[in-house]
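Take a look at the letters that make up each chain.
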Amino acid sequence: MQEKTQTFYHILPNGIKIVHRWTPSPVAYTGVMIGAGTRDELPEENGIAHYIEHCVFKGTAHHSARQIIHSIEGIGGEINAYTTKEETTFYAAIMCEHVQLTLHLIAEMLKEPSFRKEETDKERMVIMDEIESYNDQPSELIYDDFENLLFAGSSLAQPILGTKKTLRHISSKPDYALNWIQTHYIPERMVVFCQGNIKPEKLFRIAEKEFGNWMNLNHPDNRQYPEFAISCERARTYNKHTHQAHAMLGGHAYPIGHTNQLAMFLLNNILGGGSLNSRLNLSLRESKGLVYIVESTYTPLSDTGYWCIYWACDPEDYPLSLDLVKKELEKLREVPLSEGALRHALVQLRGQFAISAQNQENSALAMAKSVLYRGTAPEWQETMQRIEQTTTAQLQEIAKICFSAENSFILTYE
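Residues numbered from 1 in each chain as written. Predicted model: local features only at pLDDT ≥ 70, side-chain atom pairs only at ≥ 80, totals over all residues. Heavy atoms only, no water.

Caption draft 1: Main features of the overall build of the protein chain. Looking only at helices and strands, the protein chain has 15 helices and eleven strands in total. Here the C-alpha atoms of the protein chain give a radius of gyration of 22 Å, agreeing with the 22 Å that 2.2 N^0.38 yields for 414 residues. A principal-axis box enclosing the C-alpha atoms of the protein chain has dimensions of 60 × 50 × 40 Å. Looking at the protein chain as shown, the accessible area adds up to about 19,000 Å², and 52% of this sits on carbon and sulfur atoms. Positive and negative side-chain charges of the protein chain, numbering 38 and 51 respectively, have mean locations separated by a distance of 2 Å. (Helix = DSSP H or I, 4+ residues; strand = E, 2+ residues; numbered from the N terminus. Rg over C-alpha atoms; globule rule 2.2 N^0.38 Å. Areas by Shrake-Rupley, 256 points an atom, 1.4 Å probe, with all protein chains shown as cover. Lys, Arg positive; Asp, Glu negative; His and termini not counted. Charge placed at Lys NZ, Arg CZ, Asp CG, Glu CD.)

Written as structure tokens, this is what we have:
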């Protein structure tokens, strides 16, 4: 039987948003999502958002790194964090009776990080190793390089991990990271979230106690991202000397909240989403056996977005695989889906949504992100109802715009 859920909202006097989704589960996912990430960094401080994410775990004014870990792990919980181009998130999975302890610890980590040099120097080396490891994984690195091509000249082109040079710069002075937190971790960009079996009134009281005194030190939320010029460079090739050719083809797409966002999500699922019966998988892998992996993704951001197709194949198969990818895009542009194909795609997506909703962790994080950018977090059934209003004509029109040759960029690893 599907678990019943209910979503509750609150805003603290200082502007921090609170969202709680009640479920019968004895396990809660709770934490803080902040609308500050790589995109907010100056070129010389590239990587500082991710660096801060790491370093706040290394000790506070009251707890050592080991005590922070033991505080959550000692009660059987799991604490985690991640950084994206636009967000930094700190959260934990714990039994519901430990929500207050968890939010108190996260608040302390964000408000009173010690940034002791002996600890941050260790973490800087960890991140440098992470960069080296990342550079050895072409299937991961290609996404950064593609964003660098697509958003050339803007902060969206910067890698989340930064570089060894910028890491040495930002770790040279403890005040650098502290000042960045004070400037960018401001209430209007923060969401305290929880999903689990805890009364909403109790969560709101906890959030008020732990985050109600969070002030932005007279740093207003005046962030305005400059418009970026669309690059004239449409193709780029790197000699990586890998045993496979890796390629990524894509272009610009719709931002969060755009009227075509959900239809674009459906279109991407048809093209090359996570199912083996996607058009790209059937064409390149099942029919021709050209690739081990082929997938497409659609990433909406606050004021822009992009779609991309990634695949890896033997170098001699690259020309044919590229031709087949382009043919699938052409079909979506030129041939409208039949009503039967649309119904099948909607049934498939409904099932995917229902299964995904059972993953409490992903559900809680998606809820927080939705509140961060849109102020509300609809249940998956409501989102699905909106997607079901999509027509075949709308999908074809989106394909003509987004999958056009004029909106296509390609990156290749040889």
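Caption draft 2: Spatial organisation of the nonpolar core. Among the nonpolar cores identified, the biggest contains 50 residues, and I52, F90, V99, Y185 and F211 are the most heavily contacted of them. Per element, the largest residue contribution to this core is seven residues, and it comes from helix α3 (residues 99-111). Leaving out residues up to four positions away in the same chain, V99 has contacts with A28, T30, I94, C194, I198, L203 and I206. With 43 residues, the next largest nonpolar core counts W311, L322, C402 and I410 among its residues. (Core = buried A, V, L, I, M, F, W, Y, C linked by side-chain atoms within 4.5 Å. Buried < 20%, exposed > 50% of the residue type's maximum accessible area, 1.4 Å probe, protein only. Contact = heavy atoms within 4.5 Å.)

Caption draft 3: Layout of the state of the cysteines. Within this structure, the stated rule accounts for zero disulfides. Lacking any disulfide linkage, C96 is separated from the closest cysteine sulfur, that of C194, by 6.7 Å. (Disulfide = S-S within 2.5 Å.)

Caption draft 4: Region of interest: the sheet that holds strand β5 (residues 88-95). Spatially, β1-β2-β6-β3-β5-β4 is the arrangement adopted by the six strands of the open sheet, whose pairing is mixed. In this open sheet, the two edge strands, each paired with only one partner strand, are β1 (6-11) and β4 (78-83). Here the strands of the sheet are splayed against their neighbours by 15° on average, with no regard to which way each runs. The strands touched by α3 within the sheet are β3 (27-34), β4, β5 and β6 (190-196), with β3 carrying the most contacts at an inclination of about 20°. (Pairing = 2+ DSSP bridges. Axes fitted to C-alpha atoms, helices over the stretch in contact; angles between N-to-C directions.)

Caption draft 5: Quick peek at the packing of helix α1 (residues 48-55) against helix α7 (residues 174-184). Closest axis-to-axis distance for the α1/α7 pair is 10 Å, and the angle between their directions is 105°. What the angle tells us is that α1 and α7 run roughly perpendicular. Contacts between α1 and α7 involve I48, A49, Y51 and I52 from the former and Y176, A177, W180 and I181 from the latter. Of the residues in the contact of α1 with α7, the class split is eight nonpolar, no polar and no charged. (Parallel < 35°, antiparallel > 145°, perpendicular 65-115°, else oblique. Nonpolar A, V, L, I, M, F, W, Y, C, P; charged D, E, K, R; others polar.)

Caption draft 6: Just the side chain of D144, in detail. Its place among the elements puts D144 in helix α5 (residues 138-150). For the buried D144, no salt bridge is present, and the opposite-charge side chain at shortest range is K85, 4.7 Å distant. Those residues in contact with D144 that sit more than four places away from it in its chain are Y134, P159 and I160. (Salt bridge = Lys/Arg side-chain N within 4 Å of Asp/Glu carboxyl O.)

Caption draft 7: Local environment of helix α13 (residues 360-374). With 15 residues, α13 extends 21 Å between its outermost C-alpha atoms, agreeing within 8% with the 21 Å of an ideal straight helix rising 1.5 Å per residue. Every buried residue belonging to α13 is among Q360, S363, A364, L365, M367, A368, S370, V371 and L372, and all of these are buried. At the N-terminal end of α13, a side-chain oxygen is found 3.1 Å from the backbone nitrogen of E361, two or three residues along, and the residue is N359. (Expected span 1.5 Å × (residues − 1). Polar contact = N/O pair within 3.5 Å; in protein donor to acceptor, adjacent residues only side chain to side chain.)

Caption draft 8: Geometry of the packing of α3 against helix α8 (residues 200-211). Here α3 crosses α8 at 25°, and the two axes come no closer than 9 Å. Relative to α8, the element α3 lies roughly parallel. Here α3 runs over α8; the crossing is right-handed. Contacts between α3 and α8 involve V99, Q100, L103, H104, A107 and K111 from the first element and L203, I206, K209, E210 and F211 from the second. Across the contact of α3 with α8, the residue classes break down as six nonpolar, two polar and three charged. (Left-handed = near helix turned anticlockwise from the far one by under 90°.)

Caption draft 9: Spotlight on α1. Among the eight residues in α1, eight count as buried, and that is most of the element. Within the sequence span of α1, burial applies to I48, A49, H50, Y51, I52, E53, H54 and C55. Buried positions along α1 lie against β4, β5, α4 (117-135), α6 (164-170) and α7.

Caption draft 10: The arrangement of the packing of aromatic side chains in detail. Applying the stated criterion across every chain, the model contains ten aromatic pairs. Taking 5.9 Å as the distance between ring centres and 75° as the angle between the ring planes, the aromatic pair formed by F151 and Y306 counts as edge-to-face. In this pair, F151 sits in the loop between α5 and α6 while Y306 sits in strand β10 (residues 305-313), placing the two residues 155 residues apart along the sequence. In this pair, the class of F151 matches that of Y306, namely buried. Consider the rings of W307 and F403, whose centres lie 4.7 Å apart with planes at 70°: the pair is edge-to-face. Placement of the pair is W307 in strand β10 and F403 in the loop between α15 (392-402) and β11 (409-413), with a sequence separation of 96 residues. Here the two residues W307 and F403 agree in accessibility, since each one is buried. Taken together, F146, F151 and Y306 form an aromatic cluster joined through their ring pairs. Stacked on the ring of Y413, the Lys or Arg K240 has its end atom at 5.1 Å from the ring centre. Sitting over the face of the ring of Y292, R285 holds its NZ or CZ atom 5.4 Å from the ring centroid. (Phe/Tyr/Trp six-rings, centres within 6.5 Å; stacked < 30°, edge-to-face > 60°. Lys NZ or Arg CZ within 6 Å of the ring centre and 35° of its normal.)

Caption draft 11: The arrangement of the sheet that holds strand β9 (residues 291-300) in detail. An order of β7-β11-β8-β10-β9 is seen for the five strands of this open sheet, with the pairing classed as mixed. In this open sheet, the two strands that pair with only one neighbour each are β7 (235-238) and β9. If you compare each strand with its neighbour and ignore which way they point, the axes differ by 10° on average. For strand β8 (residues 245-252) and β10, the ladder comprises eight bridges, and the chain directions are antiparallel. Counterpart to A245 in the pairing with β10 is C313. Lying over the sheet, helix α9 (residues 261-272) contacts β9 and β10, oriented at roughly 180° with respect to β9. Across the face of the sheet, helix α11 (residues 318-334) comes into contact with β8, β10 and β11 while running at roughly 145° to β10.

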